[in-house]
Amino acid sequence: MAVLLDSTVTPDSPAAPATPAGAATQRAVSGSFHSWDLSTGVDGPGARFVTFLAGCPLTCLYCHNPDTMRMRSGTRTSADDVLAEAAKYTTFIRAAGGGATISGGEPLLQPVFAGELLHRLKHELGLHTALDTSGFLGSRATDALLRDVDLVLLDIKSWDRATYREVTGRPLEPTLDFAHRLAGLGKEVHVRFVLVPGLTDDPANVDGVAAFAASLGNVSRVDVLPFHKLGEAKWQALGKPFTLHDTPSPTLEQLIAAREIFASHGLHAV
């Protein structure tokens with residue numbers, strides 16, 4: 001596994017020189033930033049200012065943002081710059097009952113940068129905050145970071161371990177451990193599950209995810225997301241094979257059937 005880099009913190013990082021006595025303390029946090037967007041009803045409730053951080057330890061077969069997989073695909077950007085951009089839209093966001101979402105890539109690859117953004121978006125701009133994560137690096141999320149998160153969008157990509165590893169290249173257990181931790185903290189969670197025909201759509205697999213989510217007690221919603229190939233052009237531009245080229249999107253009937261499985265466990269599935 002590649003070395004996982006993190007954002008830089010100056011001058012109060014351990015490697016930075018001490019601030020001279022009597023000098024004003026200034027904290028500047030930066031990280032590998034990919035892009036931002038405004039979305040409605042996709043990345044959490046209401047209209048959201050979504051920050052996409054670069055870098056991800058997973059290699060999901062159906063990733064629609066493969067250009068965010070590598071940290072070096074981003075641009076070194078300060079939290080100040082991100083906050084200045086988000087501040088332009090706060091009136092609209094509040095009026096639309098929304099907030100801010102930190103996504104990626106995998107934001108917990110850069111926990112210092114992600115934590116700084118979440119803290120300032122919540123406390124300086126007064127926005128509802130959401131963390132969009134696979135949970136694979138959940139152990140990197142400090143309790144302080146999670147205190148600044150109002151909602152976790154947790155991707156559980158499969159219950160069958162072999163399928164999970166086939167889809168992501170990683171084991172499932174770290175995600176389950178993180179889910180249990182969030183439950184223990186009483187943190188609201190929306191589970192996200194991508195329905196891929198012939199890969200994740202086996203009823204037993206869907207039922208496994210549903211039973212686990214229902215057991216946690218803090219899952220207020222499940223998004224059953226249909227597999228799509230909108231990111232295929234990005235894979236091609238990167239010179240990478242899109243192995244699910246011949247996989248169809250699920251039918252409406254398949255989506256309804258999956259949602260009914262989640263509903264049978266008492267979960268609100270959409």
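Residues numbered from 1 in each chain as written. Predicted model: local features only at pLDDT ≥ 70, side-chain atom pairs only at ≥ 80, totals over all residues. Heavy atoms only, no water.

Break down the overall build of the protein for me, with residues and values.
Helix and strand counts for the protein stand at 9 helices and 9 strands. In terms of overall size, the protein behaves like a compact globule, its C-alpha atoms giving a radius of gyration of 19 Å where 270 residues would be expected to give roughly 18 Å. Along the three orthogonal principal directions, the C-alpha set of the protein runs to about 65 × 40 × 35 Å. Residue pairs in contact within the protein that sit at least 24 positions apart in sequence constitute 72% of those at least 6 positions apart. (Helix = DSSP H or I, 4+ residues; strand = E, 2+ residues; numbered from the N terminus. Rg over C-alpha atoms; globule rule 2.2 N^0.38 Å. Contact = heavy atoms within 4.5 Å.)

Please set out the packing of helix 1 (residues 79–87) against helix 3 (residues 111–123) residue by residue, giving values where relevant.
For any two helices packed against each other, the geometry comes down to the angle between their axes and how far apart the axes lie. One can describe the packing of helix 1 onto helix 3 by two numbers: an axis separation of 10 Å at closest approach and a directional angle of 35°. Here helix 1 runs over helix 3; the crossing is right-handed. For the pair helix 1 and helix 3, the contacting residues are Ala79, Asp80, Val82, Leu83 and Ala86 in the first and Phe113, Glu116, Leu117, Arg120 and Leu121 in the second. Classifying every residue of the contact of helix 1 with helix 3 by side-chain character gives 7 nonpolar, no polar and 3 charged. (Axes fitted to C-alpha atoms, helices over the stretch in contact; angles between N-to-C directions. Left-handed = near helix turned anticlockwise from the far one by under 90°. Nonpolar A, V, L, I, M, F, W, Y, C, P; charged D, E, K, R; others polar.)

Account for the nonpolar core, with residues named and values stated.
Core analysis: the largest hydrophobic core is formed by 68 residues, its most contacted members being Leu117, Leu121 and Phe262. In terms of residue count, the dominant contributor to this core is helix 7 (residues 203–216) (6 residues). Every residue in contact with Leu117, bar those within four places of it in the chain, is listed here: Thr51, Leu53, Ala79, Val82, Leu83 and Ile102. (Core = buried A, V, L, I, M, F, W, Y, C linked by side-chain atoms within 4.5 Å. Buried < 20%, exposed > 50% of the residue type's maximum accessible area, 1.4 Å probe, protein only.)

Please set out a nonpolar patch on the surface residue by residue, giving values where relevant.
Together, Trp36, Leu38 and Phe92 make up an exposed nonpolar region whose accessible area comes to about 260 Å². Note on placement: Trp36 falls in strand 2 (residues 28–40). Judged by relative accessible area, Trp36 falls into the partly exposed class, the value being 32%. (Patch = residues over 30% accessible without salt bridge, like charges linked within 9 Å, V, L, I, M, F, W, Y side chains within 5 Å. Areas by Shrake-Rupley, 256 points an atom, 1.4 Å probe, with all protein chains shown as cover. Salt bridge = Lys/Arg side-chain N within 4 Å of Asp/Glu carboxyl O.)

Account for helix 5 (residues 161–168), with residues named and values stated.
Of the positions making up helix 5, those classed as buried are Thr163, Tyr164, Val167 and Thr168. Taken down its axis, helix 5 places every buried residue within 110° of arc, on the same side. Buried residues in helix 5 make contact with helix 6 (173–185). Measuring from the side-chain oxygen of the N-cap residue of helix 5 to the backbone nitrogen of Ala162 gives 3.3 Å; that N-cap residue is Asp160. One or two residues past the end of helix 5 sits Gly169, with phi positive at roughly 80°. (Arc of directions from axis to C-beta. Polar contact = N/O pair within 3.5 Å; in protein donor to acceptor, adjacent residues only side chain to side chain.)

Can you explain the side chain of Arg48? Please cite residues and give values.
With respect to the helices, strands and loops of the structure, Arg48 is situated in strand 3 (residues 47–53). Within the local environment of Arg48, its side chain forms a polar contact with the side chain of Thr101, the two groups lying 3.0 Å apart. In this structure the side chain of Arg48 is engaged in a polar contact, spanning 3.1 Å, whose partner is the side chain of His128. Sequence-distant contacts of Arg48, that is, excluding residues within four places in its chain, are made with Asp37, Leu38, Ser39, Asp43, Gly98, Gly99, Ala100, Thr101, His128, Thr129 and Ala130.

Account for the packing of aromatic side chains, naming residues and giving values.
Under the definition given, this model contains 6 aromatic pairs. For the pair Trp36 and Tyr89, a centre-to-centre distance of 5.4 Å together with 45° between the ring planes defines the contact as tilted. Here Trp36, found in strand 2, pairs with Tyr89, found in the loop between helix 1 and helix 2 (90–95); they are 53 residues apart in sequence, far enough to count as distant. The structure contains a cluster of three or more aromatic residues connected by ring pairs, namely Trp36, Phe49 and Tyr89. (Phe/Tyr/Trp six-rings, centres within 6.5 Å; stacked < 30°, edge-to-face > 60°.)

Can you explain the environment of Thr90? Please cite residues and give values.
With respect to the helices and strands, Thr90 occurs in helix 2. Residue Thr90 is classed as buried on the basis of its relative accessible area of 9%. Once the C-alpha coordinates of Thr90 and Val206 are considered, the two residues, 116 residues apart in sequence, prove to be 38 Å apart. Contacts of Thr90, omitting those with residues within four sequence positions, involve Leu125 and Leu127. A distance of 3.2 Å separates the side chain of Thr90 from the backbone oxygen of Ala87, its partner in a polar contact.

In short, geometric facts, not functional conclusions.
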